[in-house]
Amino acid sequence: PNGVDLELFRGGDRNAVRRLLGLPIDVPIILFSGKGFAKPLWRDPFTLRNAFEMLARERRGAPPLLLGFGEGGEETRVGPCTLRLLPYLEMRDVVRHYQAADLYVHAARADTFPNMVLESLACGTPVVATAVCGIPEQIHSLDVGQPTRGFTTHEPESATGILTPAGDAGSLARAIGYLLDHEDVRRGLEENALGDARRRFDLKLQAKAMVEWFNELLG
């Protein structure tokens, strides 16, 4: 698998980081990949936007702030929610946005082994993602009683996020809403994500494993 630099991507004080970035303290923040939001190829902005609209209609409480990486633009509205596509960010600010978010959402029609999922987990931010290609290998999905369509689920003690079927906006919205409404569960997933990133996705471990594999082939 790909690795991630754990000296750069790591957990932080969420409220302190939000103050630094000028983000609200008392509002749920959902981070997502805005790349391809206007011109989709592999990502699935249609399912993502539909999920956000369902979430806005059905969930009580403060409307989430929706922040998208990668394609700056004016703020728009999704029901009562503000959707903001961020401009290009320096890497340290990318890390800070992961640290500031309650969740990272990755909706794709196809993908390989996306680094953004690994980066989020390494910062202790649970991930809700569509179960396509290599993504089910990255996330230990919490069982919340939704359709699985081939991917396995995990107990709260080891889960790091929630997988949903591709193209299923309803499942995506319910998974996001569940984690926003169950802070205790989300806090547990944050700790699990940090530990799993250290165990499986440390860039130094991946480099060591690659060298060992080459030595095995040469032997």
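Above this text is the structure in question.
Residues numbered from 1 in each chain as written. Predicted model: local features only at pLDDT ≥ 70, side-chain atom pairs only at ≥ 80, totals over all residues. Heavy atoms only, no water.

Trainee: Help me understand the overall build of the protein chain, please; the structure alone is not making it clear to me.
Mentor: Looking only at helices and strands, the protein chain features 8 helices and 7 strands. On C-alpha atoms alone, the protein chain measures out to a radius of gyration of 17 Å, which is about the 17 Å that the 2.2 N^0.38 rule sets for 219 residues. Summarising its shape, the C-alpha atoms of the protein chain cover approximately 60 × 40 × 35 Å along the three principal directions. Counted over contacts in the protein chain with a minimum sequence separation of 6, partners at least 24 positions apart contribute 63%. For the protein chain, the computed accessible surface area is about 10,800 Å², with 52% contributed by carbon and sulfur atoms. Side chains of the protein chain give 25 positive and 29 negative charges; the mean places of these two sets differ by 4 Å. (Helix = DSSP H or I, 4+ residues; strand = E, 2+ residues; numbered from the N terminus. Rg over C-alpha atoms; globule rule 2.2 N^0.38 Å. Contact = heavy atoms within 4.5 Å. Areas by Shrake-Rupley, 256 points an atom, 1.4 Å probe, with all protein chains shown as cover. Lys, Arg positive; Asp, Glu negative; His and termini not counted. Charge placed at Lys NZ, Arg CZ, Asp CG, Glu CD.)

Trainee: Can you help me understand the pairing of strand β4 (residues 81-85) in this one?
Mentor: Regular strands place their side chains on alternate faces of the sheet. Counting buried positions along β4 gives 4 out of 5 residues, so the element sits mostly inside the fold. As judged from the 4 bridges shared by strand β2 (residues 65-69) and β4, these two strands associate in the parallel manner. Note on β4: the bridge partner recorded for leucine 67 is arginine 84. Pairing between strand β3 (residues 76-78) and β4: 3 bridges, direction antiparallel. Along β4, the bridge assignment pairs valine 78 with cysteine 81. Counting the residues between successive antiparallel strands, the hairpin from β3 to β4 contains 2 residues, one of them, glycine 79, with a positive phi of roughly 60°. (Buried < 20%, exposed > 50% of the residue type's maximum accessible area, 1.4 Å probe, protein only. Pairing = 2+ DSSP bridges.)

Trainee: How should helix α4 (residues 115-122) be read in this particular structure?
Mentor: Residues that lie three or four places apart on an α-helix share one face, since the helix turns once every 3.6 residues. Within α4, 7 of the 8 residues are buried, which leaves the element mostly enclosed by the surrounding structure. Of all the residues in α4, the buried ones are Met116, Val117, Leu118, Glu119, Ser120, Leu121 and Ala122. Just beyond α4, the residue with positive phi is glycine 124, at close to 75°.

Trainee: Would you mind showing me how to read the sheet that holds strand β6 (residues 127-130) here?
Mentor: Sheet strands pair by backbone hydrogen bonding; their relative direction is either parallel or antiparallel. With respect to topology, 7 strands assemble into an open sheet ordered β3-β4-β2-β1-β5-β6-β7, the strand pairing being mixed. The outermost strands of the open sheet, each flanked by one partner alone, are β3 and β7 (161-164). In this sheet, adjacent strand axes meet at a mean angle of 25° when their direction is disregarded. Here α4 sits on the sheet in contact with β1 (29-33), β2, β5 (103-106) and β6, set at roughly 165° to β5. (Axes fitted to C-alpha atoms, helices over the stretch in contact; angles between N-to-C directions.)

Trainee: Even after reading the chapter, I still don't get the side chain of histidine 106, so can you show me in this structure?
Mentor: Among the secondary structure elements, histidine 106 is positioned in strand β5. When its relative accessible area of 1% is taken as the criterion, histidine 106 is described as buried. A distance of 2.9 Å separates the side chain of histidine 106 from the side chain of tyrosine 104, its partner in a polar contact. (Polar contact = N/O pair within 3.5 Å; in protein donor to acceptor, adjacent residues only side chain to side chain.)

Trainee: Honestly, the pattern of salt bridges in this entry has me stumped. Any pointers?
Mentor: Pairs may arise between side chains of opposite charge once their charged atoms sit close together. Counted under the stated rule, the structure contains 13 salt bridges. Of the charged contacts, one joins glutamate 190 and arginine 14 as a salt bridge, the two residues approaching to 3.2 Å between their closest N and O atoms. A residue pair is termed long-range when its members are at least 10 positions apart, and glutamate 190 in helix α7 (residues 183-200) and arginine 14 in helix α1 (residues 14-21) qualify at 176 residues. Like glutamate 190, the residue arginine 14 is buried in the burial classification. Each of Arg14, Glu183, Arg187 and Glu190 takes part in one network of salt bridges that share partners. (Salt bridge = Lys/Arg side-chain N within 4 Å of Asp/Glu carboxyl O.)

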